[in-house]
Amino acid sequence: MVEAATDLVGELGSFLSDHNFVIGGGFTRDIRNHKPIKDIDIIMNMKMFSFGEGRAFDAWLKSRQMLLLSGDKAYNSQSKGNNFKVYGPSPEQKVSSKDVEVQIIACQVPPLLFIEQTFDYGLCQVATLPSGDVYASDQYMMDEENKTLTLMVRESITPYQLGYALKDHLPRLQKKFPTHKLVVSTDIAPTDVEMARRF
């Protein structure tokens with residue numbers, strides 16, 4: 001899985017600036033905690049694409065047969081008014097990188113800020129940059145230290161998103177982290193500060 005992620009970063013790095021994309025969420029968390037890895041999520045800032053990068057990205061998506069996933073309500077959200085799109089394999093064509101499922105989240109803000117503003121559990125607010133540096137939110141650090149799963153209930157959360165976080169995402173996290181306790185946080189101030197380098 002690590003080799004697949006390295007290959008993927010190499011592919012994207014051949015036409016994208018390093019600051020435009022990160023490997024976010026579960027991949028980094030699970031490597032740090034020696035857990036099985038389900039997939040690779042790439043978060044990228046489409047707003048910063050040059051014309052050439054945009055064309056190269058479209059060609060890369062086509063070469064991997066990745067499609068815009070328009071029906072995924074779990075991701076039909078806005079982060080402070082910034083729309084984002086999710087690309088992945090179609091139901092008919094399972095696309096992977098060396099048998100590893102790859103999903104692309106294309107947002108309109110810096111990837112590290114997007115993760116902190118959007119990801120539903122503190123333990124998921126972590127990312128690896130192409131350089132190999134690991135960045136994480138304060139909530140990630142607290143969840144890792146305290147063995148908690150903090151659900152970030154933001155003011156803008158919809159009933160569907162809350163249901164997804166509790167009924168779909170939480171059981172998967174609890175399977176990987178059975179000794180972690182669920183904590184619900186509603187005191188979440190909006191932030192424009194990106195996550196800090198931690199490791």
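Residues numbered from 1 in each chain as written. Predicted model: local features only at pLDDT ≥ 70, side-chain atom pairs only at ≥ 80, totals over all residues. Heavy atoms only, no water.

Asks: Would you mind going over the overall build of the protein chain with me for this structure?
Replies: Looking only at helices and strands, one finds 6 helices and 13 strands in the protein chain. If you sum the accessible surface of the protein chain, you get close to 10,400 Å²; carbon and sulfur atoms cover 53% of it. (Helix = DSSP H or I, 4+ residues; strand = E, 2+ residues; numbered from the N terminus. Areas by Shrake-Rupley, 256 points an atom, 1.4 Å probe, with all protein chains shown as cover.)

Asks: Please clarify how the pairing of strand β11 (residues 148-152) should be interpreted in this entry.
Replies: Consecutive side chains of a regular strand alternate in pointing toward one face of the sheet and then the other. Of all 5 residues making up β11, 5 are buried, and the element is well covered by its neighbours. Of the two faces of β11, the one lined by T148, T150 and M152 and the one lined by L149 and L151 are each fully buried. Pairing of β11 with strand β12 (residues 181-185) involves 5 bridges; the strand directions are parallel. Within β12, the residue paired with M152 across the bridge is S185. With helix α6 (residues 159-176) bridging β11 and the parallel β12, this β-α-β connection has right-handed handedness. (Buried < 20%, exposed > 50% of the residue type's maximum accessible area, 1.4 Å probe, protein only. Pairing = 2+ DSSP bridges. Right-handed = clockwise from strand over helix to strand, strands pointing away.)

Asks: Before we go on, may I ask you to explain the side chain of N20 in this structure?
Replies: Positionally, N20 belongs in the loop between α1 (2-13) and β1 (21-24). Classification of N20 as buried rests on a relative accessible area of 0%. A polar side-chain atom of N20 sits 3.4 Å from a polar atom in the side chain of E53. (Polar contact = N/O pair within 3.5 Å; in protein donor to acceptor, adjacent residues only side chain to side chain.)

Asks: Honestly, the nonpolar core in this entry has me stumped. Any pointers?
Replies: Soluble globular proteins tend to bury their nonpolar side chains together. Membership of the largest hydrophobic core comes to 28 residues, with the highest contact counts inside it found for I43, F114, I115 and Y121. For this core, the secondary structure elements donating two or more residues are β8 (100-107), α4 (111-118), β9 (126-128), β10 (134-136), β11 and α6. In this structure, L12, W60, Y87 and A106 belong to the second largest nonpolar core, which totals 22 residues. (Core = buried A, V, L, I, M, F, W, Y, C linked by side-chain atoms within 4.5 Å.)

Asks: Help me understand a nonpolar patch on the surface, please; the structure alone is not making it clear to me.
Replies: Nonpolar side chains collect at one region of the surface, where L166, L182 and V184 lie side by side and expose about 230 Å² of accessible area between them. Turning to its location among the elements, V184 is positioned in strand β12. (Patch = residues over 30% accessible without salt bridge, like charges linked within 9 Å, V, L, I, M, F, W, Y side chains within 5 Å. Salt bridge = Lys/Arg side-chain N within 4 Å of Asp/Glu carboxyl O.)

Asks: Would you mind going over the layout of surface pockets with me for this structure?
Replies: Over the atoms, a rolling probe the size of a water molecule traces out where space has been left empty. Here the second largest pocket defines a volume of roughly 240 Å³. If you trace the second largest pocket, you find 14 residues lining it, with I23, F27, T128, L129 and G132 closest to the centre. Mapped onto the lining of the second largest pocket, the elements with two or more residues apiece are α1 and α2 (26-32). Split by residue class, the lining of the second largest pocket holds 9 nonpolar, 4 polar and 1 charged. (1 Å grid on protein atoms, 1.4 Å probe; cavity = no way out; pocket = protein on both sides within 12 Å on 5 of 7 lines; lining within 4 Å. Points joined across faces, edges and corners; volume = space filled by probe spheres on them. Nonpolar A, V, L, I, M, F, W, Y, C, P; charged D, E, K, R; others polar.)

Asks: Honestly, α4 in this entry has me stumped. Any pointers?
Replies: Because an α-helix packs 3.6 residues into every turn, residues spaced three or four apart end up facing the same way. Among the 8 residues in α4, 7 count as buried, and that is most of the element. Taken together, the buried positions of α4 are occupied by P111, L112, L113, F114, I115, E116 and Q117.

Asks: Looking at this model, I keep getting lost on the packing of aromatic side chains. Mind explaining?
Replies: Two numbers describe a pair of aromatic rings. These are the distance of the centres and the angle of the planes. As enumerated under the stated definition, the model contains 4 aromatic pairs in all. On the basis of an interplanar angle of 20° and a centroid distance of 6.3 Å, the ring pair of F57 and W60 is categorised as stacked. Within this pair, F57 and its partner W60 are both found in helix α3 (residues 51-63), separated by 3 residues, close to a single helical turn. We classify F57 as buried; its relative accessible area is 0%. Using a relative accessible area of 7% as the deciding quantity, one classes W60 as buried. (Phe/Tyr/Trp six-rings, centres within 6.5 Å; stacked < 30°, edge-to-face > 60°.)

Asks: What am I meant to see in the confidence of the model for the protein chain here?
Replies: Close inspection of predicted coordinates is inappropriate for parts of the model with low pLDDT. Summarising the model, the protein chain shows a mean pLDDT of 84, and 86% of its residues fall at 70 or more. A low-confidence stretch, residues 71-81 (pLDDT under 50), is modelled with 19 contacts involving residues beyond four sequence positions or located in other chains. (pLDDT = per-residue confidence, 0-100. Contact = heavy atoms within 4.5 Å.)

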